Amino acid sequence: MLIRRMFSALAVLLMLAGAAAAQDQSIVVASTTSTQDSGLFDHILPLFKEKTGIDVKVVAQGTGQALDTARRGDADVVFVHAKDQEEKFLQEGFGVERFDVMYNDFVLIGPKSDPAGIGKGDDIAAALVAIATKKAPFVSRGDKSGTHSAELKLWDVAGVDIETAKGPWYKEIGQGMGAALNTASAMDAYVLSDRGTWLSFKNRGNLDIAVEGDKRLFNQYGVMLVNPEKHPSVNAEAGQRFIDWLISPEGQKAIGDYKIDGQQLFFPNASQDRS
Amino acid sequence: MCKGVAAMSETLSAWQLITSGDATLFSIVRLSLAVSLTASAIAVIVGLPLGALLALTRFPGRWVIIVILNGFMGLPPVVVGLTVYLLLSRSGPLGELGLLFTPSAMVIAQSLLVLPIIAALTRQTIEDLWLEYREELTAIGVGPIGRIATLLWDGRFSLVTALLAGFGRAAAEVGTVMIVGGNIDGFTRTMTTTIALETSKGNLPLAMGLGVILIALILMVNAAAWGVRFWSERRAG
Amino acid sequence: MRAASSDLPLVFDDVSLMAGDTIILDRISLAITPGAPTLIVGPNGSGKTSLLRLCMGLAAPSKGTVSWGGRTHSPGTRRAILFQKPVMLRRSAAANVAYGLAQAGCPRSLRARRTEELLDRVGLLPLASRPARRLSGGEQQRLALARALARDPEILLLDEPTASLDPSATRFVEEIILAAAQSGTKIVMSSHDLGQVRRLARDVFFLVRGRVCEHADAARFLDHPSTPEAAAFVRGELVL
């Protein structure tokens, strides 16, 4: 008898928890670890909640995993920074429409000892060629993330065939930006990072910015609503409100206001003419 | 020299955050305990009778089940997490329940992790006890359900140790809850996922401080269980 | 609820017990009848324990039949057995007795009072709340006796109950056994203590290597054994 009572209590608890998760007033946003690690969400989400009462639950994974989560219908909105992968997602019919939200830039981080002899500059291609030639230690995300895609594109732009050039000096760790920076710090290696994560990263060791300001280091963020026709469980109404807010003047200002040590991390660039 | 001082002051401010009763920290601790304790409770409710049944019955292929059960004590948490994730995903068979990325999913996944530990250790304890009690209980004429109840109660001290092993596993793991919970701020963030997050952000002193708290929590649970056992042993031998 | 029929006489009809190729009991035929205590006597390894287990119904004979009151199947509700090393449950002495009462079907409302009565009967009332495993050997034996008597058995089987007890504990246990016998319980007990035979037994079965070598009144067995093995045993020699 007692055991039966405990069972039904447990079942009720589980159902309540499940029901709580399925409330109207909350959405799941699949985003990237670099966006989370930068602290942006801690800044802008309370503002959105105050305005609309909608709880935004951010699941932070790599871009590849975030898009996969959205494909499975486990997220309502996806907010990542890999335009090629995002366009493919749209073409597959999983997204409704893509909007630019903000950009930041990548920076090449390197040890002060500078084994590749790059110095400080603004030519990313030359720097990468130097690293590959001198086989200086380099940490790669290796995880299909936005940053990883950008890194591969940059090797391409620099004219280095990274698939054949890579060796023990090129370390693919398959983890997030924070882990990559930790590894680079421990090994005194070069690593490509987004500026936001770098600015809020505390375990710098001997690392500092080696290359910045190159136009090719531009990193665009996009947001999409997961297509409710593919997954009827998507909370389309609340999800769209979040997207609308992000690209509205109010949301854009919130993004631009986020600073670490007085430095702005993300630059809002949503297109203001929408039909 | 300066770096050492800086590191120390960071550790100190981390500790201050911890000891000042920070609200976020409190809710993270509460969630960790709620998830792991609930998962352990479920594992006990299912695992105790299962283990006892396995100890007392004989059927063809019994040894296969025992080997599998013992082996599952070492199930990799990430694999369990991934499996439960695929089950609970909207595209998966149980997607209708909408349980992914909620504390319920974390409880379910951790229960699966802890269940083999409880069942396997219970089976071993009860089987050993049965050797000792068999003749007496048969002579008294105790039926099958009575045997399970009697042995479970008489073996309660060893079973508490099994329970603590199970709870320890749940409280200490990060792979399962990270995958099925999503480490959502204020909702599915536990102590272990927070430690992983802070580490990846480079906040190593804070991460370490949280780690110390987690260990202290687990020790407190063990101490409480020890106290109960000690007091109860004095009463019943 | 009392069984309508009796377990006595307990009859062994040409019973043999084997374990693999080893013969433990060899073509035994005997009858245990109501009345004063019957003792099973013999050197170690002669099969006394196995005989008692067959009487209880804990094992089935390899050949031959055991019958209780004429029936070959009888639920053991009116029989109780006390093993040489009784198993104490991990709870208090009183709880052990209450367990026995519960298993025997005693209603909850009567249990506390009957527990007290039984503990008193075996002289353990002051130790009622002591953990059973912490009792001395003699106390545990008496507790097991109380637990067995809780079944209100028609037949009480005891396997060398005082073998490891000191003389005062032995006397205490023997007094309880005699009292039970006097109130109508049939005692069947194994022993290798000849003094105990003289003190307790009405009749004796003498076992050697699994066979009933002699069956006689206690007094005659002790003073005028009719077989050479029995004579040797009574003289205190080792019977091989």
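Okay, so let's go over this structure. This one's a predicted model, so the numbers in the text were calculated from it and none came from an experiment. (Residues numbered from 1 in each chain as written. Chains lettered and ligands numbered in written order. Predicted model: local features only at pLDDT ≥ 70, side-chain atom pairs only at ≥ 80, totals over all residues.)

### As for the overall build of chain B
Next up, step 1: Within chain B, the secondary structure is distributed over ten helices and zero strands.
Next up, step 2: Helices and strands appear in chain B in the N-to-C order α-α-α-α-α-α-α-α-α-α.
Next up, step 3: Each principal axis of the C-alpha atoms in chain B carries an extent, and together these give about 75 × 50 × 30 Å.
Next up, step 4: Burial status across chain B gives 44% buried among its 237 residues.
Next up, step 5: Considering only residue pairs separated by 6 or more positions, chain B has 77% of its internal contacts joining residues 24 or more positions apart. (Helix = DSSP H or I, 4+ residues; strand = E, 2+ residues; numbered from the N terminus. Buried ≥ 20, exposed ≤ 12 C-beta atoms within 10 Å, placed from the backbone. Contact = placed C-beta atoms within 7 Å.)

### Some points on unusual backbone geometry
One can expect most non-glycine residues to show negative phi and most peptide bonds to be in trans.
Next up, step 1: Of note, the amide linkage connecting C:L8 to C:P9 takes the cis form, showing an omega dihedral of 0°.
Next up, step 2: Of note, C:P9 is situated in the segment before β1 (10-19).
Next up, step 3: For A:D261, which is not a glycine, the phi torsion comes out positive at approximately 50°.
Next up, step 4: By the element assignment, A:D261 lies in the loop between β10 (259-260) and β11 (263-264).

### Remarks on the sheet that holds strand β4 (residues 63-68) of chain C
Residues and elements named next belong to chain C.
Next up, step 1: Taken together, the three strands give an open sheet; going across it, the order is β2-β1-β4, and neighbouring strands pair in antiparallel fashion. The outermost strands of the open sheet, each flanked by one partner alone, are β2 (22-32) and β4. With direction set aside, neighbouring strand axes in the sheet form an average angle of 20°.
Next up, step 2: As paired strands, β1 and β4 are joined by five bridges and run antiparallel to one another. (Pairing = 2+ DSSP bridges. Axes fitted to C-alpha atoms, helices over the stretch in contact; angles between N-to-C directions.)

### Observations regarding the interface of chain B and chain C
Next up, step 1: With twelve residues of chain B at the interface, the matching set in chain C holds 18 residues.
Next up, step 2: No other element matches the seven residues that helix α5 (residues 103-140) of chain B contributes to the side of chain B that touches chain C.
Next up, step 3: Its residues placed into classes, the side of chain B that touches chain C shows five nonpolar, three polar and four charged. (Nonpolar A, V, L, I, M, F, W, Y, C, P; charged D, E, K, R; others polar.)

### With respect to the interface of chain B and chain A
Next up, step 1: Taken together, the contact pairs 23 residues of chain B with 27 residues of chain A.
Next up, step 2: Those elements that place two or more of their residues in the side of chain B that touches chain A are α2 (23-56) and α5 of chain B.
Next up, step 3: When the residues that make up the side of chain B that touches chain A are grouped by side-chain class, the tally is ten nonpolar, ten polar and three charged.

### Concerning helix α7 (residues 156-172) of chain B
Next up, step 1: The terminal C-alpha atoms of α7(B), which comprises 17 residues, lie 24 Å apart, in line with the 24 Å expected from a rise of 1.5 Å per residue.
Next up, step 2: Among the residues of α7(B), B:L159, B:A162, B:L163, B:G166, B:F167, B:R169, B:A170 and B:A171 are the ones counted as buried. (Expected span 1.5 Å × (residues − 1).)

### Side note on α2(B)
One turn of an α-helix holds 3.6 residues; hence residues three or four places apart share an orientation.
Next up, step 1: In this model, α2(B) (34 residues) spans 49 Å end to end at C-alpha, consistent with the 50 Å of a helix rising 1.5 Å per residue.
Next up, step 2: Roughly 30° is the biggest bend found in α2(B), and it falls at B:G47, with proline B:P49 one to four residues downstream. (Bend = angle between axes of the 7 residues up to and from the residue.)

### Points about the pairing of strand β2 (residues 55-61) of chain A
All names here are of chain A.
Next up, step 1: Buried residues dominate β2, accounting for six of its seven residues.
Next up, step 2: Pairing between strand β1 (residues 26-32) and β2: seven bridges, direction parallel. Bridging across to β2, S26 finds its partner in D55.

### Regarding the environment of A:L265
Residue and element names in this part refer to chain A.
Next up, step 1: Within the secondary structure, L265 is located in the loop between β11 and β12 (267-268).
Next up, step 2: By the C-beta count within 10 Å, which is 24 here, L265 ends up buried.
Next up, step 3: For the pair L265 and G39, spaced 226 residues apart in the sequence, the C-alpha separation amounts to 9.9 Å.
Next up, step 4: Residues contacting L265, with those up to four places away along its chain left out, are S38, L40, N104, R195, G196, L199, Y258, K259 and I260.

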